[in-house]
Amino acid sequence: MGYTKEDVLRIAKEKDVKFIRLQFTDIFGQLKNVAITASQLEKALDNECMFDGSSIEGFVRINESDMYLRPDYDSFVILPWKDRVARLICDVYCADGTTPFLGDPRNVLKKVVKEAADMGYTFNVGPECEFFLFQLDEDGNPTTKTGDVAGYFDMGPADQGEQCRRDICLALESMGFEIEASHHEVAEGQHEIDFRFDEVLKTADNVMTFKHVVKTYARRHGLHATFMPKPVFGINGSGMHTNMSLMKDGKNAFYDKDAELGLSDTALHFIAGVLKHVKGITAIANPLVNSYKRLVPGYEAPVYIAWSASNRSSLIRVPAARGMGTRIELRSPDPSCNPYLEMALCLAAGLDGIKNNLTPPQNTTKNIFEMSADELAADGIDYLPGTLEDAMKEFQADPFMKETLGDHIYEKYVEGKLREWDEYRTSVSNWETNRYLTKY
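Residues numbered from 1 in each chain as written. Predicted model: local features only at pLDDT ≥ 70, side-chain atom pairs only at ≥ 80, totals over all residues. Heavy atoms only, no water.

Our next topic: the nonpolar core. With 92 residues, the main nonpolar core has Ile168, Phe210, Leu246, Phe270, Ile316 and Phe395 as its most contacted residues. Sort the elements by how many residues they give to this core and helix 8 (residues 339–355) lands first, with 11 residues. The residues touching Phe270, leaving out its near neighbours within four places in the chain, are Phe123, Met244, Leu246, Phe254, Ile328, Cys346, Leu347, Gly350, Leu351 and Ile354. In terms of nonpolar packing, the next biggest core, distinct from the first, is built from 21 residues, Val17, Leu41, Phe51 and Phe101 among them. (Core = buried A, V, L, I, M, F, W, Y, C linked by side-chain atoms within 4.5 Å. Buried < 20%, exposed > 50% of the residue type's maximum accessible area, 1.4 Å probe, protein only. Helix = DSSP H or I, 4+ residues; strand = E, 2+ residues; numbered from the N terminus. Contact = heavy atoms within 4.5 Å.)

Applying the stated criterion to the full structure yields 25 salt bridges. For Glu14, the salt bridge goes to Arg10, with nearest N and O atoms at 3.5 Å. On the criterion of helical spacing, the pair formed by Glu14 and Arg10 is a turn pair, its members being 4 residues apart in helix 1 (residues 5–14). Assessed through its relative accessible area of 40%, Arg10 is described here as partly exposed. Where Arg106 meets Asp205, a salt bridge forms, and the shortest distance between an N and an O atom there is 2.7 Å. Taken together, the residues span a long stretch of sequence, with Arg106 in helix 3 (residues 105–118) and Asp205 in helix 5 (residues 200–220) at a distance of 99 residues. You can call Asp205 buried: its relative accessible area is 5%. (Salt bridge = Lys/Arg side-chain N within 4 Å of Asp/Glu carboxyl O.)

Its location among the elements puts Asn363 in the loop between helix 8 and helix 9 (373–378). For Asn363, a relative accessible area of 16% corresponds to the buried category.

Here the focus is the pairing of strand 4 (residues 66–71). Every other side chain in a regular strand lies on the same face of the sheet, so the side chains alternate between the two faces. Relative to strand 4, strand 3 (residues 49–52) runs antiparallel, the two being bridged by 4 bridges. Counterpart to Asp52 in the pairing with strand 4 is Asp66. The pairing of strand 4 with strand 6 (residues 85–93) spans 4 bridges and is classified as antiparallel. Directly across from Tyr68, in strand 6, lies its bridge partner Tyr93. (Pairing = 2+ DSSP bridges.)

Between its terminal C-alpha atoms helix 4 (residues 162–174) stretches 19 Å, which fits the 18 Å expected from 13 residues at 1.5 Å a residue. When helix 4 is considered as a whole, its buried residues turn out to be Cys164, Arg165, Ile168, Cys169, Ala171 and Leu172. Down the axis, helix 4 shows its buried residues gathered within 165 degrees of arc, on one side only. For helix 4, the elements touching its buried residues are strand 7 (122–135), strand 8 (179–184), strand 9 (190–195), helix 5 and strand 11 (223–226). Taken from the residues just after helix 4, Gly176 is the one with a positive phi, measuring 100 degrees. (Expected span 1.5 Å × (residues − 1). Arc of directions from axis to C-beta.)

All right, on to helix 8 then. The first and last C-alpha atoms of helix 8 sit 24 Å apart over 17 residues, in line with the 24 Å expected at 1.5 Å per residue. Extensive coverage of helix 8 is indicated by the burial of 16 of its 17 residues. Sitting at the amino-terminal end of helix 8 is Asn338, which places a side-chain oxygen 3.0 Å from the backbone nitrogen of Tyr340. One or two positions beyond helix 8, positive phi appears at Asn357, with a value near 50 degrees. (Polar contact = N/O pair within 3.5 Å; in protein donor to acceptor, adjacent residues only side chain to side chain.)

Following this line, the structure appears as structure tokens:
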């Protein structure tokens, strides 16, 4: 059983909560909030809190700006770093107070979750979120200096972020997370904290909370945390590997003990659906110009469209666990993405594969990173888009994207990302001035 309105009011009173942050996420994955005092909490829980939607990029126009925030009671939690401040994650509703706003990413995910439920499925997701911790300069601005020389699984004193990472884990646990592991990643200053999988809507909420907590505690340690995919040239970037499984009638629908590799037909159909739509999904899963600096050969990031039961060079990997632990891992997403939209598209694509009995190509056991272009072509292995521009072309070329996301989010996303690409394309970088200014 989850929280009721009365539970939230009681806890807030017992803990002497003074402020409540009503949180929601915009189309581009930015966490937003409206803060209210405790005196307004009951009004908020009755879905009577309004805000100006025209002030949020990609939401609505100025002449249709009044929108409602409808709190999810189960998301109520007291923030461990704020004195008597709590938060509620909200869905966004239109001015009539009863119609879900189609531009709210959380509502998009809920729509796909219902489609899965109608087919008898529950979708579980476990993300692996990587991030960098950088030092601040004397003015408090972020640098790209890490202060550590640690590598994969290293410990202090080489790992200068160890204490910060520890405090992040403790804060997350106090907010109800089950932390499974935390460690230094491959690159200097790079870290990973893994929390337990959950039903997809809760997981997407958790990703947004996770990023907020990481950034907050980094600042408390005099550091800057970034989920930018590739902040430093020449070293590994940060990914958000997305582990997915379907449950049906209390059993893992991806597992079949009698099948080759232990994978059911449902799992194979799901993989085929994701592979079919992955080029379009890339525009959501890898949403920044910078995302494509990570998706290059040589830095452990997946570039090639293939799947494997063990091979970490493939786009989709099936980890070794079987039985209830059977899952597939999509390795391309990065943590700058909007988790609601990314997970909605992954689920919708997988369901498309199931509904249409799609068959994936043969799984590969080769190290794809070491294959030549001719060998890749001979095996029918294609590439992910190489730039945001290419990804947006694939996004627009696949009608499934608009069908899943809805007209509003689709059109606003295309508009925003094409504008971002054009600004990047026409800007003059330090690389250009350093290379050409004195030479020509």
